[in-house]
Amino acid sequence: MNRIKIAVLVSGGGTNLQALIDAQKNGKLHSGELALIVSNKPDAYALERAKRAGLEALAISRADCGGQEGFETSLMEALDSRRIGLIVLAGFMSILSARFTKHYENRIINIHPSLIPSFCGKGFYGLRVHEAALAYGVKVTGATVHYVNEIPDGGKIILQKAVYVQPGDTPEILQRRVMEQAEWLILPEAAELVSAKLLNDKESKT
Ligand code: GAR
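Below, the structure is looked at part by part. In this text the structure is predicted, and so the values were computed from the model without any measurement.

## A look at the pattern of salt bridges
Close approach of charged atoms allows side chains with opposite charge to pair. Under the counting rule described, the total for this entry stands at 4 salt bridges. Of the charged contacts, one joins Glu 56 and Arg 82 as a salt bridge, the two residues approaching to 2.7 Å between their closest N and O atoms. Taken together, the residues Glu 56 in the loop between helix H2 (45-52) and strand S3 (57-59) and Arg 82 in the loop between helix H3 (68-81) and strand S4 (86-89) connect sequence positions 26 residues apart. Using a relative accessible area of 24% as the deciding quantity, one classes Arg 82 as partly exposed. With a closest N to O distance of 2.8 Å, Arg 177 and Asp 169 form a salt bridge. Take Arg 177: its relative accessible area is 13%, and that puts it in the buried class. Accessibility expressed as a relative area gives 14% for Asp 169, which makes it buried.

## Some remarks on the nonpolar core
Core analysis: the biggest nonpolar cluster contains 40 residues, and Val 8, Leu 17, Leu 34, Leu 86, Val 88 and Ile 109 have the highest contact counts within it. Broken down by element, this core gets its largest block of residues, 10 residues, from helix H6 (residues 171-205). Those residues in contact with Val 8, other than ones at most four positions away along the chain, are Leu 17, Leu 20, Leu 34, Leu 36, Ile 37, Val 38, Val 88 and Ala 90.

Definitions and limits used
Residues numbered from 1 in each chain as written. Predicted model: local features only at pLDDT ≥ 70, side-chain atom pairs only at ≥ 80, totals over all residues. Heavy atoms only, no water. Salt bridge = Lys/Arg side-chain N within 4 Å of Asp/Glu carboxyl O. Helix = DSSP H or I, 4+ residues; strand = E, 2+ residues; numbered from the N terminus. Buried < 20%, exposed > 50% of the residue type's maximum accessible area, 1.4 Å probe, protein only. Core = buried A, V, L, I, M, F, W, Y, C linked by side-chain atoms within 4.5 Å. Contact = heavy atoms within 4.5 Å.

Rendered as structure tokens:
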């Protein structure tokens, strides 16, 4: 069967990458196949997870490429030479330029740890999102998977899942609950949905 080749971009621990690896193993992700993992941080634990799962893993850092433009050019070469059809940002902590996002229009998705449009955009990433949610005092938060365009966290929403804030939550406790109850579920689900759509579009053209 034909499948969409998926690249996953990471920067850190890679628990969302792990959720994608597990979904591929148990057949929940079947319209796309994980083909390449790229980290912009050479020491990211996510690279270890990729290698352990037998996936091709690359580290491409901005410093090695002389800045953002060189980084994106190297990344595009890596993606295009492998005929990647879908790019999943899974804890990827770098904002991509319009040149990059336009080149892969409707082919990049991102997981964000809040219910967009709350606590999103420039400066809202990782633990900071949960710190901001607790500081505001919201009683419900969650996660969002959305398409990526030139506006940070501004692309069309694909899936969202709500998670309750509990009395006594710290940013770390809330982060973990949002991951367990939302992110690790909706990211593989969205990757499958979008892969199936891209596959369908491809087949209807041939
Ligand atoms: C996840 O919570 C992800 O949603 C968030 O960073 C964490 C990465 O964890 N992403 C962002 O904040 C992007 N704006 P992981 O490396 O264990 O998947």
